[in-house]
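Summary of structural features
Single-letter residue listing:
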Amino acid sequence: MYDCLAELYDANYSFKNYEKETAKLHQLIQEHKRSPGNDLLDVACGTGGHITYLKRNYSVEGLDISEPMLRLAKKKHPDVVFHRGEMTSFKLGKQFDAVTCLFSAIGHVKTKRRLDLAVRCVARHLKPGGVLVVEPWPMPKQWQVGRIGANFVDQPNLRVARFSISKARGNLSVQDLHHLVATSNGIEHFVERLEMGLFTQDEYLDAFRSARLEVEFDSEGLMGRGLYLATSALAPVV
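Summarised in this report is the structure supplied together with it. (Residues numbered from 1 in each chain as written. Predicted model: local features only at pLDDT ≥ 70, side-chain atom pairs only at ≥ 80, totals over all residues. Heavy atoms only, no water.)

**Topic: a positive patch on the surface**
- Taken together, the side chains of Lys91, Arg120, Arg124 and Arg212 define a basic patch exposed on the protein surface.
- One can find Arg124 in helix 5 (residues 112-124).
- Exposure remark for Arg124: the relative accessible area of 44% places this residue in the partly exposed category. (Patch = residues over 30% accessible without salt bridge, like charges linked within 9 Å, V, L, I, M, F, W, Y side chains within 5 Å. Areas by Shrake-Rupley, 256 points an atom, 1.4 Å probe, with all protein chains shown as cover. Salt bridge = Lys/Arg side-chain N within 4 Å of Asp/Glu carboxyl O. Lys, Arg positive; Asp, Glu negative; His and termini not counted. Charge placed at Lys NZ, Arg CZ, Asp CG, Glu CD. Helix = DSSP H or I, 4+ residues; strand = E, 2+ residues; numbered from the N terminus. Buried < 20%, exposed > 50% of the residue type's maximum accessible area, 1.4 Å probe, protein only.)

Following this line, the structure appears as structure tokens:
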């Protein structure tokens, strides 16, 4: 199933304007970054949609836990170094001037403890004065239980209809994403369960500050979900 989801990823999210998002992202990084270099790590990079444009201005590397996603990213960007790793525990042995975690991928950590671990892990990979940019998943008060979601793909050799009804369980958002996929080989139906952590703004801010990062929140962000911009001190994080 996961190979299939990876293959559908770019089609399902073709509505995203990666070029426009990356232009704003570059502007914000330059405003907040105090280190002089341009090394950037994209955590939870997926198939590398943002990397397409990030590499115009940065020496980019990518990291993701999904091997199928990484295979597609490597195919798109054979000139980019990719790492397979979990965002709470990866160790690359180097530091970056900027680290990004976009499109609400941080929600995959699910718990506050793992949110803290992820932010601390990334902080260790920041150069002094480097910046971490995190696009959050909706906060608990923003999550709409019972909301019906629908997304459609209409391409010459691919039709996809995806439906879900938003639910919540404790501090998790829950969506069963029903995919109906039609190709020349036939029609397939499968369900992907997506569980994401619903964190308050105070919980996000606490995670950044506990990692000794100076943090600001941009309420609009790249696509209306907001953006946390956290800068490391000009002395190394221990």
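**Description of the layout of surface pockets**
- Looking at the second largest pocket, its volume works out to about 150 Å³.
- As for the second largest pocket, its lining consists of Pro136, Trp137, Pro138, Met139, Gln142, Phe217, Ser219, Gly224, Arg225, Gly226 and Tyr228.
- Classifying every residue of the lining of the second largest pocket gives six nonpolar, four polar and one charged. (1 Å grid on protein atoms, 1.4 Å probe; cavity = no way out; pocket = protein on both sides within 12 Å on 5 of 7 lines; lining within 4 Å. Points joined across faces, edges and corners; volume = space filled by probe spheres on them. Nonpolar A, V, L, I, M, F, W, Y, C, P; charged D, E, K, R; others polar.)

**Here's the deal with the environment of His26**
- By secondary structure assignment, the location of His26 is in helix 2 (residues 18-32).
- The class for His26 is partly exposed, based on a relative accessible area of 23%.
- Along the chain, His26 and Asn57 lie 31 residues apart, while their C-alpha atoms are 7.9 Å from each other.
- Contact partners of His26, with chain neighbours within four places excluded, come to Asn57 and Tyr58. (Contact = heavy atoms within 4.5 Å.)

**Re the side chain of His125**
- Assignment of secondary structure puts His125 in the loop between helix 5 and strand 5 (126-134).
- Its relative accessible area of 6% is what places His125 among the buried residues.
- For His125, the residues in contact, after removing those within four places along its chain, are Phe90, Lys91, Leu92, Gly93, Lys94, Gln95, Phe96 and Val99.

**Considerations on unusual backbone geometry**
- At Ala44, a residue that is not glycine, the phi angle is positive and equals roughly 60°.
- Considering the arrangement of structural elements, one finds Ala44 in the loop between strand 1 (39-43) and helix 3 (51-54).
- The backbone of Lys110 shows a phi angle near 75°, a positive value even though the residue is not glycine.
- Mapped onto the elements of the fold, Lys110 is located in the loop between strand 4 (96-101) and helix 5.
- Judged by its relative accessible area of 34%, Lys110 falls in the partly exposed class.

**Let's talk about the sheet that holds strand 11 (residues 213-218)**
- With respect to topology, seven strands assemble into an open sheet ordered 3-2-1-4-5-12-11, the strand pairing being mixed. Each of the sheet's edge strands pairs with one partner strand only, and the pair in question is strand 3 (81-84) and strand 11. With direction set aside, neighbouring strand axes in the sheet form an average angle of 20°.
- The sheet strands contacting helix 5 are strand 4, strand 5 and strand 11, and the helix crosses strand 5 at an angle near 140°.
- Packed onto the sheet, helix 6 (residues 201-210) meets strand 5, strand 11 and strand 12 (227-232) and runs at close to 150° relative to strand 11. (Pairing = 2+ DSSP bridges. Axes fitted to C-alpha atoms, helices over the stretch in contact; angles between N-to-C directions.)

**Let's talk about the nonpolar core**
- In this structure, Ile106, Leu132, Phe208 and Leu213 are the most contacted members of the largest nonpolar core, which totals 36 residues.
- Contributions of two or more residues to this core are made by strand 1, strand 4, helix 5, strand 5, strand 10 (186-197), helix 6, strand 11 and strand 12.
- In this structure, Leu213 is in contact with Val119, Ala123, Leu126, Leu132, Phe208, Ala230, Thr231 and Ser232, ignoring residues within four places of it in sequence.
- Within the second largest apolar cluster, 20 residues are counted, among which are Ile29, Ile51, Val131 and Leu222. (Core = buried A, V, L, I, M, F, W, Y, C linked by side-chain atoms within 4.5 Å.)

**Looking at empty space enclosed by the protein**
- Across all of its chains, the model carries one cavity of 30 Å³ or more by this definition.
- What lines the largest cavity is simply Val43, Met87, Val99, Thr100, Cys101, Ile106, Ala118, Val119, Val122, Leu132, Val134 and Phe208.
- Elements with a minimum of two residues in the lining of the largest cavity: strand 4, helix 5 and strand 5.
- For the lining of the largest cavity, the residue count by class is eleven nonpolar, one polar and no charged.

**Brief notes about the pattern of salt bridges**
- Within this structure, the stated rule accounts for 16 salt bridges.
- Among the ionic pairs, Lys127 bridges to Asp97, the shortest N-O distance being 3.0 Å. In this pair, Lys127 sits in strand 5 while Asp97 sits in strand 4, placing the two residues 30 residues apart along the sequence.
- Measuring nitrogen to oxygen at the nearest pair gives 2.7 Å for the salt bridge that ties Lys112 to Asp116. Placement of both Lys112 and Asp116 in helix 5 is noted, with a separation of four residues, approximately one turn of the helix.

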